[in-house]
2 protein chains.
Amino acid sequence: MKEVKIGILGFGTVGAGVVEGILKNGELMAKRSGILPIIGKIADLDIESDRGVAVDPSVLTTDALSVINDPEIDVIVELIGGVTIAKQFVLKALEAGKPVVTANKALLAEAGRELFEASVKSGAGLYFEASVAGGIPVLRALRDGLVGNQIQSMYGILNGTCNYILTRMEREGLDFDVVLADAQKLGYAETPPDLDIDGIDTAHKAVVLASLAYGAPVSMEAFTIDGIRGLSHREIEYADELGYRIKLLAVIRNVDGAVEMRVEPSLVPKNHLLASVNDSFNAVFVEGDVVGETLCYGRGAGRLPTASAVIGDIMEAAAGKGGSCSWLLQNASLPVRGANDISIRCYLRLSLKDQPDAIAQVAHVLGKNHISIGAVMQKEQNEGEQVPVVFLTHKALEKNFAAAMEEIAALNVVDGKPVRMAIEDFE
Amino acid sequence: MKEVKIGILGFGTVGAGVVEGILKNGELMAKRSGILPIIGKIADLDIESDRGVAVDPSVLTTDALSVINDPEIDVIVELIGGVTIAKQFVLKALEAGKPVVTANKALLAEAGRELFEASVKSGAGLYFEASVAGGIPVLRALRDGLVGNQIQSMYGILNGTCNYILTRMEREGLDFDVVLADAQKLGYAETPPDLDIDGIDTAHKAVVLASLAYGAPVSMEAFTIDGIRGLSHREIEYADELGYRIKLLAVIRNVDGAVEMRVEPSLVPKNHLLASVNDSFNAVFVEGDVVGETLCYGRGAGRLPTASAVIGDIMEAAAGKGGSCSWLLQNASLPVRGANDISIRCYLRLSLKDQPDAIAQVAHVLGKNHISIGAVMQKEQNEGEQVPVVFLTHKALEKNFAAAMEEIAALNVVDGKPVRMAIEDFE
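So, about the overall build of chain A. If you tally the helices and strands in chain A, you get 13 helices and 18 strands. Relative to the globule expectation of 22 Å for 427 residues, the C-alpha radius of gyration of chain A, 24 Å, shows essentially globular dimensions. Dimensions of chain A, computed from C-alpha atoms along their principal axes, come out at roughly 80 × 45 × 35 Å. Evaluated residue by residue, chain A yields a buried proportion of 59% over its 427 residues. Considering only contacts within chain A whose residues lie at least 6 apart along the sequence, 73% involve residues at least 24 apart. Carbon and sulfur atoms provide 49% of the accessible area of chain A, an area that totals close to 16000 Å².

Structure, rendered in structure tokens:
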């Protein structure tokens, strides 16, 4: 029986989950794969606190470099997070010829090329299944199971915190701020929550997905990133009446050889599977030219689900399989479609003054910007002088929406900030 | 660039799909994996018919053995189907030390142990992702991504024909026979349709899933297999009123170390993701002790989706990864739970004579067999003298249901054949 000795950097929530999983199922893994995983060393600045798992104190150290440099350690697992120290350690481990497993999507999204190059140079594999959609083995599916496919599109619900907030807003009829505060109290949202609710975390994961699908790291600067901060409950209500649910969606599409990416709250038709992904669950819907439509669903975060993916990677690294980053550097850069090229349908919600030509004025601005209206829903109940009106548009260029929204916001008949969200028809 | 030469046995629908996929995306695969797939030889009794793909006629042969024995051929792909000739060829290829890719679930379910032993003996890998749920890389997920998990349960919609029929029955309010006939005309169902509609095909796939999860081939004789033949539209209607959809479900659970398996039409709560798997799509819901709940969804059959899985296996075999069958022979046999141990909730639909004590007589039989009633729904509309009555039971042993149903069918107040289906609560 071959043994693999694991060196874990970062003994936080996920690190403790990895230890728990290996202690519980290590022998089962050995039976399945022929390789017995052993916790060799664990480095953390805090080696005193109880993590709820039984580890031999002699494996604990505060010196991460001693773990990387220990000749007994076969695989390095980076669970520190952040993009500075974590990056140094990952690079050092790769330079030392050791395969590295990481769950660090921010690091991959912001320094992917540098890491991939270091991996290719040293020949040591880099494994990062846990960085996207937690326990769901979707990166592996893209890399292996769907290797024969051109990836036409991917639509992801990739942030459990946002999906939890949206689900509760919908079920309980609450507004964003109320649910966020409660989610923070319950530990479902971080403080500060910005990375999650502003869409940055989702964008990090979208970058990793796109890299795998299209063979090049995509820059975070290349696409629109918007989150769910301040979303009003009435948007959810109106969307519901129109047959949609609101999800924070990462959209990654190959359109005529160029990559279109967006992260924004989007209206998803209720009969689409992604509309049924609730609570803190994640899902990735993938369309390939050979396989057709597929979807992977599961817990996107948390101690054990993330540990499940980390452990899968550890076992693959131990077997000396996978982990090559050559494909991820295949293309120097990808042609990316921006607001001048991207065509979307939109949901617009305005508060209009109750005067006869209000809708006409809005319609005029839309028409001038080449946006045609598919449907208008005017709610009967007035809010003082304001009447909420929802427009569903046909497809138009993103840049035209930007221009139109600015003009609309400046109209005298419009009160407050107009709301615009994408409608995703999965076409 | 390494090249891999593929020998395909069986140039039918899927065989032609594999050729199409490789011709279309072979170079992309080479960029992704460093291995260029090349169609080396194709054997079929019919090498004249046009399959709609451009192959060099010199690769075609009617002699499968010449493909297996050709020293230029690196990987054998068995797409003949059936369990006699296909088995001979697979064994011969393994004996010759060549890795084999197959989509043949019947062969795996009925002769799994023999094939796995031949693979282990020769050291040549056996790959069969395409045998379960077509293009969905669920076997790979179980083997690699979820390697660190004890698999607690799997629930699969594994037969596209049945799911297509059930979806149309539900949407269009039609009865089984009508939709089946139409599905056969449209090519969505085979003639004869028995393997699909009687649950055999689903059971084959369940056996493969269980083998991978629990490390031993399970015998087809060890569990209940029932299909959707003759299902009445009113069952779908009543289930709908009660908050359920009817799906042909494979249930595979680990209960206290013993495997519980069943294939039968089952009531799935509408808010469960599996209830939203429609048309000819497949899905597998997997619960692992570390990852929690996951689901994979996609096309379960068809030329290209199946080809996608076959191609993924070819590339893995070409890389010399995976394909080991040692784990599949880990356990000589599995403890299996039968009707004496399995506890389920049931939906019972009876046609009762319109007389005062009819329900009491049925309730008496159920009580005698230790089955307690959770809910009763009596439909107002009479069908002549008969009143349809639906009982939802609490959990009881499968054997008690069998005994009770026999007694109930014999009651004077009961007309026609009583209907019993499992209710799946995913607990």
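Our next topic: the interface of chain A and chain B. Across the contact, 42 residues belong to chain A and 42 residues belong to chain B. Interface area, chain A with chain B, both sides summed: about 4100 Å², of which 59% is carbon and sulfur. Together, Arg-32, Val-147 and Val-290 of chain A form the three largest contributors to the area buried by chain A at its contact with chain B, with a combined 17%. Summed over the shared surface of chain A and chain B, the number is two salt bridges.

Residue and element names in this part refer to chain B. Read from one edge of the open sheet, six strands run 3-2-1-4-5-6, paired in parallel fashion. Every other strand in the sheet has two partners, leaving strand 3 (60–61) and strand 6 (126–127) as the edge strands with one partner each. Pairing analysis gives two bridges linking strand 5 (residues 100–102) to strand 6, with the strands arranged parallel. Along strand 6, the bridge assignment pairs Val-101 with Tyr-127. Lying on the sheet, helix 1 (residues 13–33) is in contact with strand 1 (2–9) and strand 2 (35–43); it crosses strand 2 at an angle near 160°.

With that settled, consider the side chain of Glu-129 of chain A. Residue and element names in this part refer to chain A. With respect to the helices and strands, Glu-129 occurs in the loop between strand 6 (126–127) and helix 5 (138–145). Note on Glu-129: relative accessible area 4%, which makes it buried. Not counting the four nearest positions on each side in its chain, Glu-129 is found in contact with Gly-134, Ile-136, Pro-137, Val-138, Leu-139, Arg-140, Ala-309 and Asp-313.

We now examine the sheet that holds strand 2 (residues 35–43) of chain A. All names here are of chain A. A sheet is described by the order of its strands in space; here six strands give the open sequence 3-2-1-4-5-6, paired in parallel fashion. For this open sheet the edge positions go to strand 3 (60–61) and strand 6, each flanked by a neighbour on one side alone. The sheet contact formed by strand 2 and strand 3 spans two bridges and is parallel. Each residue of the ladder has a partner; that of Ala-43, found in strand 3, is Thr-61.

Where a strand is regular, its side chains alternate between the two sheet faces. All names here are of chain A. Among the 12 residues that make up strand 10 (residues 258–269), 12 are buried, leaving the element largely enclosed by the rest of the structure. In this sheet, strand 10 lies alongside strand 9 (residues 244–255) in antiparallel orientation, the contact comprising 12 bridges. Bridging from a neighbouring strand, Tyr-244 pairs with Pro-269 of strand 10. From the end of strand 9 to the start of strand 10, which pair antiparallel, there are two residues, and Asp-256 there has a positive phi angle of about 50°. The pairing of strand 10 with strand 13 (residues 336–337) spans two bridges and is classified as parallel. From the neighbouring strand, Glu-260 faces strand 13, where its bridge partner is Arg-337. Sheet topology note: the strand 10/strand 18 (residues 414–423) ladder contains two bridges and is parallel. Within strand 18, the residue paired with Leu-267 across the bridge is Ile-423.

Take the relation of the copies chain A and chain B next. When chain A is brought onto chain B, the operation consists of a screw motion whose angular component is 180° and whose axial shift is 0.0 Å, with 0.0 Å RMSD remaining. Expressed as an axis order, the relation between the two copies is that of a two-fold axis. Of the C-alpha atoms belonging to chain A, the one lying closest to the rotation axis is found on Cys-296 of chain A, 2.3 Å away. Most of the interface of chain A is mirrored in chain B, where 100% of its interface residues again form contacts.

Residue and element names in this part refer to chain B. Burial analysis of strand 16 (residues 386–393) places seven of its eight residues in the buried class, the great majority of the element. Pairing of strand 15 (residues 373–378) with strand 16 involves five bridges; the strand directions are antiparallel. Residue pairing across strands places Met-377 opposite Val-390, the latter belonging to strand 16.

Another aspect to go through is the domain arrangement of chain A. Residue and element names in this part refer to chain A. What the domain assignment reports for chain A is domain 1 (2–131), domain 2 (141–299 + 330–337) and domain 3 (343–423). One C-alpha centre belongs to domain 2, the other to domain 3, and the line joining them spans 25 Å. Opposite the 16 residues of domain 2 that make contact, domain 3 presents 17 residues. At the boundary of domain 2 with domain 3, the tally comes to one salt bridge. Notably, a salt bridge pairs Arg-349 with Glu-235, separated by 2.7 Å at the nearest N-O pair. At the boundary of domain 2 and domain 3, one finds four residue pairs in polar contact (both at pLDDT 80 or more). Secondary-structure elements contributing two or more residues to the side of domain 2 that touches domain 3 are helix 10 (233–241), strand 9 and strand 10. When its residues are assigned to classes, the side of domain 2 that touches domain 3 shows eight nonpolar, two polar and six charged.

Time to look at the environment of Cys-346 of chain A. All names here are of chain A. In this fold, Cys-346 is placed in strand 14 (residues 343–353). Separated by 301 residues in sequence, Cys-346 and Leu-45 place their C-alpha atoms 49 Å apart. Residues within four places of Cys-346 in sequence aside, it is in contact with Phe-391, Leu-392, Thr-393, Phe-401, Arg-420, Met-421, Ala-422 and Ile-423.

This part covers helix 10 (residues 233–241) of chain B. In an α-helix there are 3.6 residues to a turn, and that puts residues three or four apart on one side. Residues and elements named next belong to chain B. Those residues of helix 10 that fall on the buried side of the exposure criterion are His-233, Arg-234, Glu-235, Ile-236, Tyr-238 and Ala-239. Among the residues of helix 10, the N-terminal cap falls to Ser-232, whose side-chain oxygen and the backbone nitrogen of Arg-234 are separated by 3.0 Å. Within two residues after helix 10, Gly-243 carries a phi angle of roughly 95°, on the positive side.

A few words now on the pattern of salt bridges. Pairs can form between side chains of opposite charge whenever their charged atoms are close. Here the structure, examined in full by the defined rule, presents 60 salt bridges over all chains. As a salt-bridge pair, Glu-407 of chain A and Lys-368 of chain A come within 2.6 Å of each other at their nearest N and O atoms. Here Glu-407 of chain A is found in helix 13 (residues 398–410), whereas its partner Lys-368 of chain A is found in helix 12 (residues 358–368), with 39 residues between them in sequence. Here Asp-201 of chain B and Lys-105 of chain B are joined by a salt bridge, their closest N and O atoms 3.9 Å apart. Here Asp-201 of chain B is found in helix 9 (residues 200–214), whereas its partner Lys-105 of chain B is found in helix 4 (residues 105–122), with 96 residues between them in sequence. Note on Lys-105 of chain B: relative accessible area 25%, which makes it partly exposed.

Attention shifts here to unusual backbone geometry. Cis geometry is found at the peptide bond from Thr-191 of chain A to Pro-192 of chain A, where omega equals 0°. Relative to the elements of secondary structure, Pro-192 of chain A occurs in the loop between helix 7 (176–186) and helix 8 (194–197). Of note in the backbone geometry, His-370 of chain B takes a positive phi value of approximately 60° without being a glycine. Structurally, His-370 of chain B can be placed in the loop between helix 12 (358–368) and strand 15. Assessed through its relative accessible area of 64%, His-370 of chain B is described here as exposed.

Here the focus is helix 9 (residues 200–214) of chain A. All names here are of chain A. Taking 1.5 Å of rise per residue, the 15 residues of helix 9 would be expected to cover 21 Å, and the 21 Å separating its terminal C-alpha atoms lies within 8% of that figure. Most of helix 9 sits inside the fold, with 14 of its 15 residues counted as buried. Residue Gly-215 follows helix 9 closely and has a positive phi angle near 70°.

Rules behind the numbers
Residues numbered from 1 in each chain as written. Chains lettered and ligands numbered in written order. Predicted model: local features only at pLDDT ≥ 70, side-chain atom pairs only at ≥ 80, totals over all residues. Heavy atoms only, no water. Helix = DSSP H or I, 4+ residues; strand = E, 2+ residues; numbered from the N terminus. Rg over C-alpha atoms; globule rule 2.2 N^0.38 Å. Buried < 20%, exposed > 50% of the residue type's maximum accessible area, 1.4 Å probe, protein only. Contact = heavy atoms within 4.5 Å. Areas by Shrake-Rupley, 256 points an atom, 1.4 Å probe, with all protein chains shown as cover. Buried area = accessible area lost by both parts, 1.4 Å probe. Salt bridge = Lys/Arg side-chain N within 4 Å of Asp/Glu carboxyl O. Pairing = 2+ DSSP bridges. Axes fitted to C-alpha atoms, helices over the stretch in contact; angles between N-to-C directions. Least-squares fit on C-alpha atoms with pLDDT ≥ 70 in both. Domains from an automatic or database assignment. Polar contact = N/O pair within 3.5 Å; in protein donor to acceptor, adjacent residues only side chain to side chain. Nonpolar A, V, L, I, M, F, W, Y, C, P; charged D, E, K, R; others polar. Expected span 1.5 Å × (residues − 1).

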